[in-house]
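Remarks on the overall topology
Here are the chains, one letter per residue:
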Amino acid sequence: MARLPYLEPDQVAPEYRDMLKRNTNLHKLLVNSPDMARAFNGVGNFIRFKSRLDPRLRELAILQVGWMERSEYEFTHHVKIGREFGVTDADIEGLMAETEGKPSKLEPLARAILKGAREMVRDIGMSDATFAEIRQHLSDEHMTDLVLTIAFYCAVVRVLATMKIDNEPYYKEVLQQYPIPGVS
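Everything numeric here is computed off the predicted structure, so don't read it as measured data. (Residues numbered from 1 in each chain as written. Predicted model: local features only at pLDDT ≥ 70, side-chain atom pairs only at ≥ 80, totals over all residues. Heavy atoms only, no water.)

Looking only at helices and strands, the protein has nine helices and zero strands in total. Reading the secondary structure of the protein in the N-to-C direction produces α-α-α-α-α-α-α-α-α. Here the C-alpha radius of gyration of the protein, 17 Å, is about what a compact globule of 184 residues would show, namely 16 Å. Principal-axis analysis of the C-alpha atoms places the extent of the protein at approximately 50 × 35 × 30 Å. (Helix = DSSP H or I, 4+ residues; strand = E, 2+ residues; numbered from the N terminus. Rg over C-alpha atoms; globule rule 2.2 N^0.38 Å.)

Written out as structure tokens, the structure is:
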């Protein structure tokens with residue numbers, strides 16, 4: 001159960017109601033601080049709609065953060081979002097294999113990006129070797145977007161966990177296909 005209330009549009013000043021167009025518990029809770037919610041949404045919207053980083057690779061990095069952090073909310077939401085951007089079941093199965101240290105059929109750049117995301121979750125920063133490997137394929141702009149995307153979603157999973165934001169029931173079906181270890 002969430003630690004703060006989920007607000008509905010009629011509980012929010014009219015100038016902030018646009019932030020509730022995405023009818024998710026995360027947005028409903030964050031709008032308790034509407035200006036902070038607007039700033040948060042600005043970063044999230046840039047990542048999703050304006051970043052020039054390949055969207056499939058971006059979503060794989062976000063999924064890796066959600067999987068590593070055992071964030072049911074983040075992982076299930078981004079399985080659905082990722083599918084809109086070309087993430088396949090084979091990609092998700094590859095992510096799970098890579099996380100367990102097993103080989104996958106993912107291309108080298110995707111594997112390196114997943115490794116970089118794992119390092120940022122576990123070790124706070126990406127290793128020099130992993131950064132250099134990814135950097136061979138991405139521009140400075142793309143590298144910056146990748147690192148900031150991973151860092152942002154490391155923050156998002158901490159917000160979700162601290163605020164105890166409930167996952168919406170219609171996302172739970174994803175867990176049947178991809179059960180997260182340690183999440184019931």
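What follows picks up the thread again.
A few words on the nonpolar core. Ranked by size, the top nonpolar core spans 54 residues in total, and within it Phe75, Ile113, Ile134, Leu138, Leu146 and Ile150 carry the most contacts. Secondary-structure elements contributing two or more residues to this core are α1 (25–30), α2 (34–50), α3 (55–68), α4 (72–84), α5 (89–99), α6 (108–123), α8 (140–163) and α9 (173–177). No other element matches the nine residues that α8 contributes to this core. Beyond its immediate sequence surroundings of up to four residues, isoleucine 150 is in contact with Ala61, Val65, Ala117, Met120 and Met126. (Core = buried A, V, L, I, M, F, W, Y, C linked by side-chain atoms within 4.5 Å. Buried < 20%, exposed > 50% of the residue type's maximum accessible area, 1.4 Å probe, protein only. Contact = heavy atoms within 4.5 Å.)

Here α5 has its buried residues at Asp91, Ile92, Gly94, Leu95, Ala97 and Glu98. Elements that come into contact with the buried residues of α5 comprise α3, α4 and α6. Two residues or fewer past α5, glycine 101 is found with a positive phi of approximately 80°.

A positive phi angle, near 55°, is found at arginine 70, a position not held by glycine. Note on placement: arginine 70 falls in the loop between α3 and α4.

Right, let's get into the side chain of glutamate 119. Take glutamate 119: it is sitting in helix α6. Of the buried charged residues, glutamate 119 lacks a salt bridge, with lysine 115 as the closest side chain of opposite charge at 4.3 Å. Not counting chain neighbours up to four residues away, the residues in contact with glutamate 119 comprise Ile124, Gly125, Met126, Ser127 and Thr130. (Lys, Arg positive; Asp, Glu negative; His and termini not counted. Salt bridge = Lys/Arg side-chain N within 4 Å of Asp/Glu carboxyl O.)

Next up on the list: the pattern of salt bridges. Tallying each qualifying case throughout the model produces 13 salt bridges. The residue arginine 48 makes a salt bridge to glutamate 84 at a minimum N-O spacing of 3.5 Å. Of this pair, arginine 48 sits in helix α2 while glutamate 84 sits in helix α4, and the two are 36 residues apart along the sequence. Accessibility expressed as a relative area gives 55% for glutamate 84, which makes it exposed. Note that arginine 58 is salt-bridged to glutamate 59, the shortest N-O span being 3.1 Å. Glutamate 59 carries the same exposure label as arginine 58, and that label is buried. Connected through shared salt-bridge partners, Arg56, Asp91 and Glu107 make up one network.

Here the focus is the packing of α3 against α5. Where α3 contacts α5, the two axes come as close as 11 Å, and the packing angle between them is 50°. Relative to α5, the element α3 is oriented oblique. Two packed elements cross with a definite hand, and for α3 against α5 that hand is right-handed. Side by side, α3 and α5 meet where Arg56, Leu60, Leu63, Gln64, Trp67 and Met68 of the first sit next to Asp91, Ile92, Leu95, Met96 and Thr99 of the second. Among the residues making up the contact of α3 with α5, the classes are represented as seven nonpolar, two polar and two charged. (Axes fitted to C-alpha atoms, helices over the stretch in contact; angles between N-to-C directions. Parallel < 35°, antiparallel > 145°, perpendicular 65-115°, else oblique. Left-handed = near helix turned anticlockwise from the far one by under 90°. Nonpolar A, V, L, I, M, F, W, Y, C, P; charged D, E, K, R; others polar.)

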